[in-house]
Amino acid sequence: MENKDYTMAEAISEAKRCLGCKVPQCRKGCPVENDIPAWIHELSMGNMGNAMAIINLRSNLPAVCGRVCAHERQCEGHCVLNKKGQHINIGRLERFVADFDSMMNLSGPAIVQKDRGRVAVIGSGPAGLTIAGELARKGVAVEIFEMEPETGGVLMFGIPEYRLPKGVVRNEIRKIARLGVAIHCSVTIGRDLTIDDLFDRGFDAIFMGTGTGKPRRLDIPGADNPGVRYALYFLRRVGLWREGYISREEVPVADGDKVYVVGCGNTAMDAARTSVRLGAGAVTVLYHRDIDHMSALRSEYDDALAEGVQFCWNTSIKEILTDANGHLCALVLSTPEGERRVEAQKVIMAVGSSPASRIVSTTDGIEVDDKGYVITRDTPYGMTTRRGVFAGGDVTARPASVVHAMQDARRVAEGMLRYLDAVKLMQEIDNPKAQ
(Lines give C-alpha, C1' and ligand atoms only; values in the text may rest on other atoms or scores of the structure.)
Protein backbone atom coordinates (compact mmCIF):
# COMPACT_ATOMS: atom_id res chain seq x y z
CA MET A 1 0.00 0.00 0.00
CA GLU A 2 1.35 3.43 -0.95
CA ASN A 3 2.05 5.44 2.19
CA LYS A 4 3.99 8.35 0.69
CA ASP A 5 2.50 11.75 1.50
CA TYR A 6 1.66 14.18 -1.29
CA THR A 7 3.22 17.61 -1.55
CA MET A 8 0.77 20.45 -2.12
CA ALA A 9 1.66 20.55 -5.82
CA GLU A 10 1.23 16.79 -6.19
CA ALA A 11 -2.13 16.82 -4.39
CA ILE A 12 -3.51 19.63 -6.55
CA SER A 13 -2.21 17.94 -9.70
CA GLU A 14 -3.88 14.65 -8.73
CA ALA A 15 -7.13 16.45 -7.84
CA LYS A 16 -7.23 18.08 -11.27
CA ARG A 17 -7.47 14.63 -12.88
CA CYS A 18 -10.97 14.21 -11.41
CA LEU A 19 -13.62 14.30 -14.13
CA GLY A 20 -16.32 15.71 -11.85
CA CYS A 21 -18.84 13.10 -12.97
CA LYS A 22 -22.50 14.19 -12.87
CA VAL A 23 -23.37 10.82 -11.32
CA PRO A 24 -20.25 10.18 -9.22
CA GLN A 25 -19.76 6.45 -8.76
CA CYS A 26 -17.02 7.16 -6.22
CA ARG A 27 -19.59 8.65 -3.88
CA LYS A 28 -21.86 5.63 -4.35
CA GLY A 29 -18.94 3.43 -3.34
CA CYS A 30 -18.33 5.39 -0.12
CA PRO A 31 -20.22 3.97 2.88
CA VAL A 32 -20.64 7.45 4.43
CA GLU A 33 -21.51 9.01 1.02
CA ASN A 34 -18.72 11.56 1.20
CA ASP A 35 -19.22 14.22 -1.50
CA ILE A 36 -15.91 13.29 -3.09
CA PRO A 37 -16.10 15.28 -6.37
CA ALA A 38 -17.05 18.45 -4.48
CA TRP A 39 -14.12 18.46 -2.06
CA ILE A 40 -11.68 17.27 -4.73
CA HIS A 41 -12.78 20.22 -6.89
CA GLU A 42 -12.09 22.63 -4.01
CA LEU A 43 -8.70 20.98 -3.47
CA SER A 44 -7.87 21.33 -7.18
CA MET A 45 -8.24 25.11 -6.77
CA GLY A 46 -6.23 25.19 -3.55
CA ASN A 47 -9.26 25.92 -1.36
CA MET A 48 -8.23 23.72 1.54
CA GLY A 49 -10.69 25.13 4.06
CA ASN A 50 -13.63 24.58 1.71
CA ALA A 51 -12.47 21.03 0.97
CA MET A 52 -12.26 20.23 4.67
CA ALA A 53 -15.66 21.76 5.38
CA ILE A 54 -17.27 19.49 2.76
CA ILE A 55 -15.54 16.40 4.16
CA ASN A 56 -16.63 17.30 7.70
CA LEU A 57 -20.28 17.18 6.62
CA ARG A 58 -20.06 13.39 6.27
CA SER A 59 -17.00 12.21 8.18
CA ASN A 60 -15.71 12.75 11.70
CA LEU A 61 -12.45 10.85 11.09
CA PRO A 62 -11.13 11.81 7.62
CA ALA A 63 -7.43 11.41 8.45
CA VAL A 64 -8.20 7.89 9.67
CA CYS A 65 -10.39 6.98 6.68
CA GLY A 66 -7.74 8.32 4.32
CA ARG A 67 -5.39 5.68 5.69
CA VAL A 68 -7.34 2.56 6.62
CA CYS A 69 -10.44 2.48 4.41
CA ALA A 70 -10.67 -0.25 1.78
CA HIS A 71 -10.41 2.31 -1.01
CA GLU A 72 -9.79 -0.31 -3.69
CA ARG A 73 -13.19 -1.85 -2.92
CA GLN A 74 -15.02 1.41 -2.22
CA CYS A 75 -14.48 4.92 -3.64
CA GLU A 76 -11.42 4.20 -5.80
CA GLY A 77 -12.81 0.88 -6.97
CA HIS A 78 -15.94 2.68 -8.22
CA CYS A 79 -14.07 5.56 -9.91
CA VAL A 80 -14.82 5.54 -13.66
CA LEU A 81 -11.11 5.93 -14.39
CA ASN A 82 -10.49 2.65 -12.60
CA LYS A 83 -11.54 0.84 -15.77
CA LYS A 84 -8.23 1.99 -17.26
CA GLY A 85 -6.33 1.37 -14.02
CA GLN A 86 -5.97 5.13 -13.48
CA HIS A 87 -8.39 5.84 -10.62
CA ILE A 88 -8.08 9.06 -8.66
CA ASN A 89 -6.09 8.40 -5.47
CA ILE A 90 -8.99 9.50 -3.29
CA GLY A 91 -7.66 8.01 -0.05
CA ARG A 92 -4.34 9.82 -0.29
CA LEU A 93 -6.09 13.08 -1.20
CA GLU A 94 -8.47 12.82 1.78
CA ARG A 95 -5.53 12.09 4.03
CA PHE A 96 -3.65 15.09 2.59
CA VAL A 97 -6.54 17.49 3.20
CA ALA A 98 -7.15 16.20 6.74
CA ASP A 99 -3.46 16.32 7.68
CA PHE A 100 -3.09 19.84 6.24
CA ASP A 101 -6.15 20.95 8.17
CA SER A 102 -4.70 19.61 11.44
CA MET A 103 -1.26 21.07 10.79
CA MET A 104 -2.61 24.53 9.95
CA ASN A 105 -5.58 24.35 12.37
CA LEU A 106 -7.90 25.60 9.63
CA SER A 107 -11.33 24.29 10.63
CA GLY A 108 -11.87 25.29 14.22
CA PRO A 109 -15.22 23.75 15.21
CA ALA A 110 -18.16 25.97 16.03
CA ILE A 111 -19.39 24.99 19.49
CA VAL A 112 -23.17 25.06 19.59
CA GLN A 113 -25.33 25.42 22.67
CA LYS A 114 -25.89 22.04 24.32
CA ASP A 115 -29.64 22.13 24.92
CA ARG A 116 -30.91 18.88 23.34
CA GLY A 117 -30.07 16.54 26.19
CA ARG A 118 -27.16 14.58 27.70
CA VAL A 119 -25.71 11.40 26.23
CA ALA A 120 -23.12 8.98 27.60
CA VAL A 121 -21.02 7.20 24.98
CA ILE A 122 -19.43 3.92 26.06
CA GLY A 123 -16.30 3.20 24.02
CA SER A 124 -14.20 5.55 21.91
CA GLY A 125 -13.59 3.52 18.78
CA PRO A 126 -14.85 4.59 15.33
CA ALA A 127 -18.53 4.23 16.27
CA GLY A 128 -18.24 6.00 19.62
CA LEU A 129 -16.21 8.90 18.22
CA THR A 130 -18.61 9.30 15.30
CA ILE A 131 -21.63 9.38 17.63
CA ALA A 132 -19.90 11.91 19.88
CA GLY A 133 -19.02 14.20 16.99
CA GLU A 134 -22.42 13.97 15.31
CA LEU A 135 -24.40 14.65 18.50
CA ALA A 136 -22.11 17.41 19.79
CA ARG A 137 -22.51 19.30 16.51
CA LYS A 138 -26.29 19.03 16.90
CA GLY A 139 -26.50 20.53 20.40
CA VAL A 140 -26.17 17.45 22.63
CA ALA A 141 -23.92 17.39 25.70
CA VAL A 142 -21.78 14.26 25.23
CA GLU A 143 -19.46 12.43 27.61
CA ILE A 144 -17.29 9.49 26.51
CA PHE A 145 -16.38 6.64 28.88
CA GLU A 146 -13.34 4.59 27.77
CA MET A 147 -11.88 1.57 29.59
CA GLU A 148 -8.34 2.05 28.21
CA PRO A 149 -5.91 4.67 29.56
CA GLU A 150 -6.33 6.64 26.33
CA THR A 151 -9.15 7.19 23.85
CA GLY A 152 -9.29 5.71 20.36
CA GLY A 153 -10.28 2.08 20.89
CA VAL A 154 -9.21 -0.10 17.99
CA LEU A 155 -7.79 2.97 16.23
CA MET A 156 -5.29 3.45 19.04
CA PHE A 157 -4.71 -0.09 20.28
CA GLY A 158 -5.78 -2.37 17.44
CA ILE A 159 -4.50 -0.98 14.12
CA PRO A 160 -0.69 -0.99 13.85
CA GLU A 161 1.30 2.23 13.87
CA TYR A 162 2.64 1.69 10.36
CA ARG A 163 -0.93 1.73 8.99
CA LEU A 164 -2.34 4.39 11.29
CA PRO A 165 0.07 6.67 13.17
CA LYS A 166 -1.24 7.36 16.66
CA GLY A 167 -0.50 11.07 16.35
CA VAL A 168 -3.12 11.13 13.59
CA VAL A 169 -5.67 9.45 15.85
CA ARG A 170 -4.95 11.92 18.66
CA ASN A 171 -5.43 14.85 16.27
CA GLU A 172 -8.85 13.53 15.23
CA ILE A 173 -9.88 13.00 18.85
CA ARG A 174 -8.75 16.51 19.79
CA LYS A 175 -11.05 17.91 17.08
CA ILE A 176 -13.98 16.01 18.56
CA ALA A 177 -13.08 17.10 22.10
CA ARG A 178 -13.05 20.72 20.93
CA LEU A 179 -16.72 20.33 20.06
CA GLY A 180 -17.33 20.28 23.81
CA VAL A 181 -17.19 16.50 24.29
CA ALA A 182 -16.00 15.41 27.76
CA ILE A 183 -13.77 12.29 27.93
CA HIS A 184 -13.27 9.92 30.86
CA CYS A 185 -10.54 7.27 30.47
CA SER A 186 -9.79 4.16 32.56
CA VAL A 187 -13.49 3.76 33.36
CA THR A 188 -15.00 0.35 32.61
CA ILE A 189 -18.78 0.30 32.31
CA GLY A 190 -20.07 -2.90 33.82
CA ARG A 191 -17.37 -2.85 36.47
CA ASP A 192 -16.71 0.71 37.68
CA LEU A 193 -20.14 2.01 36.68
CA THR A 194 -23.30 0.41 35.32
CA ILE A 195 -25.87 1.58 32.79
CA ASP A 196 -28.19 2.33 35.72
CA ASP A 197 -25.47 4.45 37.35
CA LEU A 198 -25.20 6.52 34.18
CA PHE A 199 -28.94 7.12 34.06
CA ASP A 200 -28.82 8.07 37.75
CA ARG A 201 -26.20 10.69 36.84
CA GLY A 202 -28.76 12.40 34.63
CA PHE A 203 -27.98 11.12 31.14
CA ASP A 204 -31.00 11.07 28.86
CA ALA A 205 -29.63 8.35 26.58
CA ILE A 206 -26.64 6.01 26.39
CA PHE A 207 -24.74 4.67 23.40
CA MET A 208 -22.88 1.35 23.48
CA GLY A 209 -19.98 1.28 21.02
CA THR A 210 -17.90 -1.35 22.76
CA GLY A 211 -16.89 -3.44 19.76
CA THR A 212 -16.09 -7.14 19.87
CA GLY A 213 -13.48 -8.00 22.46
CA LYS A 214 -14.26 -11.68 22.97
CA PRO A 215 -12.30 -13.90 20.55
CA ARG A 216 -13.86 -16.76 18.68
CA ARG A 217 -12.27 -20.01 19.83
CA LEU A 218 -11.46 -22.98 17.60
CA ASP A 219 -11.81 -26.51 18.89
CA ILE A 220 -8.20 -27.61 18.43
CA PRO A 221 -6.38 -29.96 20.84
CA GLY A 222 -3.77 -27.93 22.74
CA ALA A 223 -5.38 -24.55 21.96
CA ASP A 224 -5.36 -23.67 25.67
CA ASN A 225 -1.54 -23.43 25.67
CA PRO A 226 -0.26 -19.98 26.77
CA GLY A 227 1.60 -19.74 23.47
CA VAL A 228 -1.74 -19.40 21.67
CA ARG A 229 -2.98 -15.82 21.60
CA TYR A 230 -5.77 -14.05 19.79
CA ALA A 231 -5.10 -11.32 17.27
CA LEU A 232 -7.11 -8.58 19.00
CA TYR A 233 -5.33 -9.28 22.30
CA PHE A 234 -1.93 -9.42 20.58
CA LEU A 235 -2.40 -6.17 18.66
CA ARG A 236 -3.77 -4.46 21.77
CA ARG A 237 -0.68 -5.49 23.77
CA VAL A 238 1.59 -4.20 21.04
CA GLY A 239 -0.31 -0.90 20.99
CA LEU A 240 -0.07 -0.55 24.77
CA TRP A 241 3.67 -1.25 24.63
CA ARG A 242 4.25 1.21 21.77
CA GLU A 243 2.52 3.91 23.79
CA GLY A 244 4.52 3.11 26.94
CA TYR A 245 1.78 1.55 29.05
CA ILE A 246 3.39 -1.91 29.38
CA SER A 247 6.87 -3.43 28.98
CA ARG A 248 8.19 -5.25 25.91
CA GLU A 249 8.20 -8.52 27.89
CA GLU A 250 4.41 -8.30 28.16
CA VAL A 251 4.02 -8.52 24.37
CA PRO A 252 3.36 -12.18 23.43
CA VAL A 253 5.87 -12.46 20.55
CA ALA A 254 9.59 -12.55 21.33
CA ASP A 255 12.65 -12.10 19.12
CA GLY A 256 13.25 -15.17 17.00
CA ASP A 257 9.85 -16.80 17.60
CA LYS A 258 8.40 -18.92 14.84
CA VAL A 259 4.89 -17.53 14.56
CA TYR A 260 1.85 -18.99 12.83
CA VAL A 261 -1.18 -16.77 12.19
CA VAL A 262 -4.51 -18.52 11.62
CA GLY A 263 -6.93 -16.66 9.33
CA CYS A 264 -6.57 -14.45 6.27
CA GLY A 265 -8.45 -11.20 6.83
CA ASN A 266 -6.95 -7.75 7.29
CA THR A 267 -6.54 -8.41 11.03
CA ALA A 268 -4.48 -11.49 10.21
CA MET A 269 -2.29 -9.37 7.91
CA ASP A 270 -1.84 -6.84 10.72
CA ALA A 271 -0.87 -9.58 13.16
CA ALA A 272 1.56 -11.17 10.71
CA ARG A 273 3.28 -7.93 9.69
CA THR A 274 3.44 -6.75 13.29
CA SER A 275 5.11 -10.04 14.29
CA VAL A 276 7.73 -9.52 11.59
CA ARG A 277 8.41 -6.02 12.86
CA LEU A 278 8.76 -7.33 16.42
CA GLY A 279 11.64 -9.53 15.28
CA ALA A 280 9.96 -12.92 14.86
CA GLY A 281 12.22 -15.50 13.28
CA ALA A 282 9.59 -16.58 10.76
CA VAL A 283 5.92 -15.72 10.26
CA THR A 284 3.48 -17.95 8.37
CA VAL A 285 -0.20 -17.39 7.69
CA LEU A 286 -2.35 -20.53 7.65
CA TYR A 287 -5.65 -20.38 5.77
CA HIS A 288 -8.10 -23.20 5.27
CA ARG A 289 -9.13 -21.94 1.81
CA ASP A 290 -7.22 -20.56 -1.20
CA ILE A 291 -6.02 -17.06 -1.98
CA ASP A 292 -9.11 -16.22 -4.03
CA HIS A 293 -11.30 -16.62 -0.94
CA MET A 294 -9.27 -14.55 1.53
CA SER A 295 -11.09 -11.54 2.96
CA ALA A 296 -7.94 -9.41 3.24
CA LEU A 297 -7.37 -6.66 0.71
CA ARG A 298 -5.01 -7.75 -2.02
CA SER A 299 -2.83 -4.73 -1.23
CA GLU A 300 -2.51 -5.87 2.40
CA TYR A 301 -1.55 -9.37 1.24
CA ASP A 302 1.03 -7.94 -1.19
CA ASP A 303 2.57 -5.82 1.56
CA ALA A 304 2.74 -8.78 3.95
CA LEU A 305 4.39 -10.90 1.25
CA ALA A 306 6.93 -8.14 0.56
CA GLU A 307 7.84 -8.08 4.27
CA GLY A 308 8.62 -11.79 4.29
CA VAL A 309 5.37 -13.30 5.55
CA GLN A 310 4.81 -16.81 4.19
CA PHE A 311 1.40 -18.26 3.29
CA CYS A 312 0.10 -21.83 3.43
CA TRP A 313 -3.20 -22.24 1.57
CA ASN A 314 -5.81 -24.92 2.18
CA THR A 315 -4.07 -25.62 5.48
CA SER A 316 -5.36 -25.87 9.04
CA ILE A 317 -4.02 -26.84 12.47
CA LYS A 318 -4.93 -30.34 13.57
CA GLU A 319 -3.12 -30.24 16.92
CA ILE A 320 -0.96 -27.90 19.01
CA LEU A 321 1.90 -29.69 20.78
CA THR A 322 3.54 -28.83 24.09
CA ASP A 323 7.00 -29.74 25.44
CA ALA A 324 7.83 -31.10 28.90
CA ASN A 325 7.98 -27.55 30.31
CA GLY A 326 4.51 -26.68 29.07
CA HIS A 327 5.76 -24.48 26.24
CA LEU A 328 4.26 -24.57 22.77
CA CYS A 329 6.79 -26.40 20.59
CA ALA A 330 5.13 -27.63 17.41
CA LEU A 331 1.99 -27.86 15.28
CA VAL A 332 0.47 -30.73 13.39
CA LEU A 333 -0.88 -29.29 10.15
CA SER A 334 -3.44 -30.71 7.77
CA THR A 335 -2.36 -29.80 4.23
CA PRO A 336 -3.29 -30.86 0.70
CA GLU A 337 -0.19 -33.09 0.75
CA GLY A 338 -1.20 -34.71 4.04
CA GLU A 339 -0.25 -34.15 7.67
CA ARG A 340 3.05 -32.58 8.61
CA ARG A 341 4.68 -31.35 11.79
CA VAL A 342 6.33 -27.92 12.06
CA GLU A 343 8.26 -26.21 14.84
CA ALA A 344 6.43 -23.25 16.42
CA GLN A 345 6.64 -21.00 19.45
CA LYS A 346 3.54 -18.85 19.00
CA VAL A 347 0.12 -19.15 17.37
CA ILE A 348 -2.04 -16.08 16.77
CA MET A 349 -5.70 -16.72 16.05
CA ALA A 350 -7.31 -14.17 13.72
CA VAL A 351 -10.60 -15.96 13.19
CA GLY A 352 -13.17 -13.44 14.37
CA SER A 353 -14.63 -12.25 17.64
CA SER A 354 -17.89 -11.44 19.41
CA PRO A 355 -19.02 -8.88 22.02
CA ALA A 356 -18.03 -9.25 25.67
CA SER A 357 -20.97 -9.57 28.06
CA ARG A 358 -19.75 -7.18 30.76
CA ILE A 359 -22.38 -4.51 30.16
CA VAL A 360 -25.29 -6.78 29.23
CA SER A 361 -24.74 -9.00 32.28
CA THR A 362 -24.91 -6.02 34.64
CA THR A 363 -27.95 -4.40 33.03
CA ASP A 364 -31.59 -5.44 32.93
CA GLY A 365 -33.50 -5.23 29.68
CA ILE A 366 -30.78 -5.40 27.00
CA GLU A 367 -31.36 -8.47 24.86
CA VAL A 368 -28.75 -10.17 22.68
CA ASP A 369 -28.97 -12.82 19.96
CA ASP A 370 -27.60 -16.34 20.21
CA LYS A 371 -24.11 -15.10 19.30
CA GLY A 372 -24.06 -12.34 21.92
CA TYR A 373 -24.67 -9.40 19.58
CA VAL A 374 -26.91 -6.65 20.91
CA ILE A 375 -30.38 -6.57 19.34
CA THR A 376 -31.51 -3.14 18.12
CA ARG A 377 -34.63 -1.78 16.46
CA ASP A 378 -35.19 0.28 13.34
CA THR A 379 -37.38 2.96 15.00
CA PRO A 380 -35.70 4.83 16.48
CA TYR A 381 -32.75 3.33 14.67
CA GLY A 382 -30.19 1.74 16.95
CA MET A 383 -32.19 1.59 20.18
CA THR A 384 -31.84 -1.65 22.10
CA THR A 385 -34.64 -3.48 23.88
CA ARG A 386 -34.08 -1.13 26.82
CA ARG A 387 -35.50 2.32 26.35
CA GLY A 388 -32.87 5.03 26.04
CA VAL A 389 -29.96 2.63 25.47
CA PHE A 390 -28.64 2.57 21.90
CA ALA A 391 -25.92 0.48 20.29
CA GLY A 392 -23.94 0.54 17.07
CA GLY A 393 -20.75 -0.63 15.45
CA ASP A 394 -19.37 -4.14 15.83
CA VAL A 395 -21.32 -4.84 19.03
CA THR A 396 -24.44 -5.16 16.84
CA ALA A 397 -22.79 -7.35 14.15
CA ARG A 398 -23.61 -4.83 11.41
CA PRO A 399 -20.28 -3.20 10.43
CA ALA A 400 -17.16 -4.88 9.07
CA SER A 401 -14.65 -2.00 8.96
CA VAL A 402 -13.87 1.43 10.41
CA VAL A 403 -15.89 3.29 7.80
CA HIS A 404 -18.83 0.90 8.07
CA ALA A 405 -18.88 1.45 11.83
CA MET A 406 -18.96 5.18 11.11
CA GLN A 407 -21.77 4.69 8.60
CA ASP A 408 -23.83 2.77 11.13
CA ALA A 409 -23.09 5.28 13.89
CA ARG A 410 -24.34 8.18 11.76
CA ARG A 411 -27.69 6.41 11.41
CA VAL A 412 -27.79 5.69 15.14
CA ALA A 413 -27.04 9.36 15.85
CA GLU A 414 -30.14 10.31 13.85
CA GLY A 415 -32.19 7.82 15.87
CA MET A 416 -30.83 9.20 19.12
CA LEU A 417 -31.69 12.76 18.14
CA ARG A 418 -35.26 11.73 17.38
CA TYR A 419 -35.47 10.02 20.76
CA LEU A 420 -33.93 12.96 22.67
CA ASP A 421 -36.27 15.44 21.01
CA ALA A 422 -39.27 13.23 21.82
CA VAL A 423 -38.19 12.92 25.47
CA LYS A 424 -37.75 16.67 25.72
CA LEU A 425 -41.16 17.29 24.17
CA MET A 426 -42.88 14.94 26.65
CA GLN A 427 -41.08 16.64 29.54
CA GLU A 428 -42.35 20.01 28.32
CA ILE A 429 -45.89 18.64 28.06
CA ASP A 430 -45.74 17.13 31.55
CA ASN A 431 -44.09 20.20 33.11
CA PRO A 432 -45.44 23.26 31.28
CA LYS A 433 -44.50 25.58 34.15
CA ALA A 434 -40.83 24.70 33.70
CA GLN A 435 -40.83 26.51 30.34
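Anything mentioned here points back to the structure above.
Computed from a prediction, not measured in an experiment: that's the story for all the values here.

> Which parts of the structure should I look at to understand the packing of helix α8 (residues 126–137) against helix α15 (residues 402–430)?
In helix packing, the relevant descriptors are the interaxial angle and the interaxial distance, both defined with respect to the helix axes. Where α8 contacts α15, the two axes come as close as 8 Å, and the packing angle between them is 40°. Relative to α15, the element α8 is oriented oblique. In this structure, α8 meets α15 at a crossing whose hand is right-handed. Only Val402, Ala405, Met406, Ala409, Arg410, Val412, Ala413, Met416 and Leu417 of α15 make contact with α8, whose side of the interface consists of Pro126, Ala127, Thr130, Ile131, Glu134 and Leu135. Partitioning the contact of α8 with α15 into residue classes produces twelve nonpolar, one polar and two charged.

> I keep staring at the sheet that holds strand β7 (residues 258–262) and nothing clicks. Help me out?
Strand pairing in a sheet takes place through backbone hydrogen bonds and is either antiparallel or parallel in direction. Here we have five strands laid out as an open sheet, ordered β6-β13-β7-β8-β9, and parallel in their pairing. At either margin of the open sheet sits one strand with a lone partner, and together these are β6 (228–230) and β9 (310–312). Averaged over all pairs of adjacent strands, the angle between strand axes in this sheet comes to 25°, irrespective of strand direction. Where β7 meets strand β13 (residues 346–349), four bridges bridge the pair, whose relative direction is parallel. Within β13, the residue paired with tyrosine 260 across the bridge is valine 347. Packing of helix α13 (residues 266–277) onto the sheet brings it into contact with β7, β8 (282–286), β9 and β13, and relative to β8 it is tilted by some 170°.

> Any chance you could explain helix α12 (residues 231–242) here in plain terms?
For the α-helix, the turn length of 3.6 residues means that residues three or four positions removed from each other point alike. Here α12 spans 16 Å end to end across twelve residues, near enough to the 16 Å set by a 1.5 Å rise per residue. Buried residues of α12: Ala231, Phe234, Leu235, Arg237, Val238, Gly239 and Leu240, and no others. Of the surrounding secondary structure, the elements contacted by the buried residues of α12 are α9 (154–157), β6, α13 and β13. The first or second residue beyond α12 is glycine 244, which carries a positive phi of 85°.

> Sorry, what's going on with the packing of α13 against helix α14 (residues 298–306) here?
Closest axis-to-axis distance for the α13/α14 pair is 10 Å, and the angle between their directions is 20°. By the angle between their axes, α13 is roughly parallel relative to α14. Considering the relative orientation of α13 and α14, their crossing is left-handed. Across from Asn266, Met269, Asp270 and Arg273 in α13, the residues of α14 making contact are Glu300, Tyr301, Asp303 and Ala304.

> What is the right way to look at the sheet that holds strand β10 (residues 316–322) in this model?
Strand order in the open sheet formed by three strands is β10-β11-β12, and the pairing between neighbours is antiparallel. Only two strands of the sheet have a single partner each, and these edge strands are β10 and β12 (338–343). Pairwise comparison of adjacent strand axes, ignoring direction, gives a mean angle of 25° for this sheet.

> Help me understand the environment of arginine 236, please; the structure alone is not making it clear to me.
Locating arginine 236 in the fold gives a position in helix α12. Sequence-wise, arginine 236 and glycine 167 are 69 residues apart; in three dimensions their C-alpha atoms are separated by 17 Å. Not counting residues up to four positions away in its chain, the partners in contact with arginine 236 are Glu148 and Phe157.

Procedures and definitions
- Residues numbered from 1 in each chain as written.
- Predicted model: local features only at pLDDT ≥ 70, side-chain atom pairs only at ≥ 80, totals over all residues.
- Heavy atoms only, no water.
- Axes fitted to C-alpha atoms, helices over the stretch in contact; angles between N-to-C directions.
- Helix = DSSP H or I, 4+ residues; strand = E, 2+ residues; numbered from the N terminus.
- Parallel < 35°, antiparallel > 145°, perpendicular 65-115°, else oblique.
- Left-handed = near helix turned anticlockwise from the far one by under 90°.
- Contact = heavy atoms within 4.5 Å.
- Nonpolar A, V, L, I, M, F, W, Y, C, P; charged D, E, K, R; others polar.
- Pairing = 2+ DSSP bridges.
- Expected span 1.5 Å × (residues − 1).
- Buried < 20%, exposed > 50% of the residue type's maximum accessible area, 1.4 Å probe, protein only.

Any functional reading would require information beyond the geometric quantities listed.
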